[in-house]
Amino acid sequence: MKNSSAEVAILKLLKKAKLESTKTFFFVIVSKYFLPCSPIYKRSPDLTKSPVTKSEQLLRIDDHDFTMRPAFGGPPIPVGVDVQVESIDTISEVDMDFTMTLYLRHYWKDERLSFPSTTNQSMTFDSRLVKKIWVPDMFFVHSKRSFIHDTTTDNVMLRVYPDGNVLYSLRVTVTAMCNMDLSRFPLDTQTCSLEIESYAYTDDDLMLYWKKGNESLNTDDRISLSQFLIQKFHTTTKLAFYSSTGWYNRLYIHFTLRRHIFFFLLQTYFPATLMVMLSWVSFWIDRRAVPARVPLGITTVLTMSTIITGVNASMPRVSYIKAVDIYLWVSFVFVFLSVIEYAAVNYLSTVQERKERKLRERLPCTCGIGNPDEMMIDPQITGYGSMDVNTTGNYGMPENGSRQERILAQVALNDPQITGQVKASRGYVNIWIDTHAIDKYSRVVFPGAYILFNIIYWSIYS
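This structure is a prediction, so every number in the text was calculated from the model and none was measured. (Residues numbered from 1 in each chain as written. Predicted model: local features only at pLDDT ≥ 70, side-chain atom pairs only at ≥ 80, totals over all residues. Heavy atoms only, no water.)

Q: Is there a simple way to explain the side chain of Ser127 in this structure?
A: Its location among the elements puts Ser127 in helix α4 (residues 127-130). The residues contacting Ser127, other than those within four sequence positions of it, are Asp154 and Val156. (Helix = DSSP H or I, 4+ residues; strand = E, 2+ residues; numbered from the N terminus. Contact = heavy atoms within 4.5 Å.)

What follows is the structure, given as structure tokens:
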């Protein structure tokens, strides 16, 4: 009977639908009469795909409004904080910032999350439950960039205790501002701060505090920086006021850094000092060796300019003078003065030779003198007293030419017959300048002044 009734139903269905294909007819028959009877079609639903997990049922997540803080309308909820500093990655003087990786942990009590437990054991969750409950809305004040690590999953941990106490921990890397005073660079000590604050809740709703005081800040013993020595870590708590929203609790992490000086001694101070000392070599070179002294002075000046440019290229363009600027520019002045010293020596030598040439032109010819050396050593003429001929040398010899000219000039001025002819040159002896003496004084004055400068400099900035 069942088959006959089925055939009748099929004939009626063919007449109504007027199907053009037997394939379509077969599909309709199977879907309408055979699939509902199949055991696959009657399979029970997957019990693991429950809309509410067991942990959420235990914590009664859906029974409360977690958009509101715990104990809303009552006293501010205390939230304790502690920090584990994992690393200080970079400190940039150019950008005036630092980058730090840390573990940030929050502690508070939310009675809405309490649950019955016979063993008093806590439950630990990942970031998926964090999005469904209330957590403090912390942010880093004056931060430029920050992110929560997500390899291999979000580095977020939530631990709930039976009495409702909550531990919320996350691993964060933050880049924050650090206003540095570089007036003593590179002999400086910098103090940078990382500031933590609630974004929405004022001190009437949320009270931030360090959970264990100064011991709430822990650091990894392996933290080290290439340019700095970490001297101190400490914490403080203050109130921050915003005119439009009110007062907020703010937590501070201060760390003091002292810069290593050895790198700058090798790269800046020692080269600058050597250039200054190299410029002093010209004082021992003959003043007539122009091709030797001039390139030496120019080379030291250009080298000092390169050192100054290299140091300033890696520093911010601050509007005040740094300690390294004082040292480099004073060194540059010493090098520059050594060049000026040779210019003065060369100029005075030229002036002296010009005056001596004019004086020789005014003197009478000494052709009639039988022995000029005897006249030079005659005390009645020269006024020099007894003098060894070997001391004065022979007139006209190149190695003692300057001394012979000085003696002849003295003879001419003491001879009453020719005194009137050179009255205009009477002051010549008084303005005589020994150009060798300038180099001799420079050999002492320049090193002494530079040593004195170094003593004053290092006593002030050390």
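Q: What am I meant to see in the pairing of strand β2 (residues 97-109) here?
A: Walk down a regular strand and you will see the side chains alternate between the two sheet faces. Sheet topology places strand β1 (residues 77-92) next to β2; 11 bridges connect them, and they run antiparallel. Its bridge partner being in β2, Val81 is matched across the sheet by His106. In this structure, the hairpin formed by β1 and β2 is closed by a connection of 4 residues, where Met96 is found at a positive phi of approximately 55°. Note: β2 against strand β7 (residues 165-177), 13 bridges, orientation antiparallel. Each bridged residue has a counterpart across the sheet, and for Tyr103 the counterpart in β7 is Arg171. (Pairing = 2+ DSSP bridges.)

Q: I keep staring at a positive patch on the surface and nothing clicks. Help me out?
A: Together, Arg354, Lys355, Arg357, Lys358 and Arg362 make up a positively charged patch on the protein surface. Inspection of the secondary structure assignment puts Arg354 in helix α7 (residues 323-362). Judged by relative accessible area, Arg354 falls into the partly exposed class, the value being 39%. (Patch = residues over 30% accessible without salt bridge, like charges linked within 9 Å, V, L, I, M, F, W, Y side chains within 5 Å. Areas by Shrake-Rupley, 256 points an atom, 1.4 Å probe, with all protein chains shown as cover. Salt bridge = Lys/Arg side-chain N within 4 Å of Asp/Glu carboxyl O. Lys, Arg positive; Asp, Glu negative; His and termini not counted. Charge placed at Lys NZ, Arg CZ, Asp CG, Glu CD. Buried < 20%, exposed > 50% of the residue type's maximum accessible area, 1.4 Å probe, protein only.)

Q: Can you walk me through the packing of aromatic side chains in this structure?
A: Aromatic ring pairs: the centre-centre distance and the angle between the two ring planes describe each pair. Applying the stated rule across the entire model yields 26 aromatic pairs. Ring geometry for Phe98 versus Phe255: centroids 5.1 Å apart, planes at 80°, classification edge-to-face. With Phe98 in strand β2 and Phe255 in strand β12 (residues 246-259), the pair connects residues that are 157 residues apart, well separated along the chain. Exposure remark for Phe98: the relative accessible area of 0% places this residue in the buried category. For Phe255, a relative accessible area of 0% gives the class buried. (Phe/Tyr/Trp six-rings, centres within 6.5 Å; stacked < 30°, edge-to-face > 60°.)

Q: Sorry, what's going on with the pairing of strand β11 (residues 228-242) here?
A: Pairing of β11 with β12, which is carried by 14 bridges, proceeds in the antiparallel orientation. Bridge pairing in β12 links Lys238 to Arg250. Counted along the chain from β11 to the antiparallel partner β12, the turn is 3 residues long.

Q: When you look at the pattern of salt bridges in this model, what are you seeing that I'm missing?
A: Between side chains of opposite charge, a pair can form when the charged atoms approach closely. For the structure shown, the criterion picks out 15 salt bridges. Here Arg259 ties to Glu93 by a salt bridge, and the two come within 2.5 Å at their closest N and O atoms. One end of the pair, Arg259, is in strand β12; the other, Glu93, is in the loop between β1 and β2, with 166 residues separating them in the sequence. You'll find Arg259 and Glu93 in the same group, each marked buried. The partner of Arg222 in a salt bridge is Asp220, and the shortest N-O contact between them spans 3.3 Å. Using a relative accessible area of 72% as the deciding quantity, one classes Arg222 as exposed. Residue classification places Asp220 among the partly exposed residues on the basis of a relative accessible area of 23%.

Q: Honestly, the state of the cysteines in this entry has me stumped. Any pointers?
A: All told, the structure shown has 1 disulfide when counted by the stated rule. Between the sulfur of Cys178 and that of Cys192 lies a disulfide, 1.9 Å long from S to S. Negative torsions about the S-S bond denote left-handed disulfides, and the value of about -75° found for Cys178 with Cys192 makes this one left-handed. Here Cys192 lies in strand β8 (residues 189-198) and Cys178 lies in the loop between β7 and β8, a separation of 14 residues in the sequence. The exposure class of Cys178 is buried, given its relative accessible area of 3%. Exposure remark for Cys192: the relative accessible area of 1% places this residue in the buried category. (Disulfide = S-S within 2.5 Å.)

Q: Looking at this structure, I do not really get unusual backbone geometry. What am I missing?
A: Glycine aside, the phi torsion of most residues is negative, and most peptide linkages are trans. Note that the residue after Thr151, namely Thr152, is joined by a cis bond; omega there is 0°. Here Thr152 shows up in the loop between β5 (143-148) and β6 (156-160). Of note, the bond from Phe185 into Pro186 is cis; its omega dihedral lies within 30 degrees of zero at 0°. Relative to the elements of secondary structure, Pro186 occurs in the loop between β7 and β8. We note that Ala71 has phi near 55°; this positive angle belongs to a residue other than glycine. You can see Ala71 is positioned in the loop between α3 (54-59) and β1. Residue Ala71 is classed as exposed on the basis of its relative accessible area of 55%.

Q: Any chance you could explain helix α5 (residues 262-279) here in plain terms?
A: Every α-helical turn comprises 3.6 residues, leaving residues that sit three or four positions apart pointing alike. The terminal C-alpha atoms of α5 lie 25 Å apart, and with 18 residues this matches the ideal 26 Å at 1.5 Å per residue to within 8%. Along α5, the sharpest change in direction is near 35° and occurs at Tyr269; proline Pro271 comes one to four residues later. Residues Phe264, Leu265, Thr268, Tyr269, Ala272, Thr273, Met275, Val276 and Ser279 constitute the buried set of α5. (Expected span 1.5 Å × (residues − 1). Bend = angle between axes of the 7 residues up to and from the residue.)

Q: I would appreciate a short explanation of a nonpolar patch on the surface in the present structure.
A: Together, Val290, Val294, Ile298 and Leu302 line one region of the surface with nonpolar side chains, adding up to about 310 Å² of accessible area. Structurally, the position occupied by Leu302 is in helix α6 (residues 290-313).

Q: I'm lost on α6 in this one. Help?
A: The end-to-end C-alpha distance of α6, which contains 24 residues, comes to 35 Å, matching closely the 34 Å that a straight helix rising 1.5 Å per residue would cover. For α6, the set of buried residues is Arg293, Leu296, Gly297, Thr300, Val301, Met304, Ile307, Ile308 and Val311.

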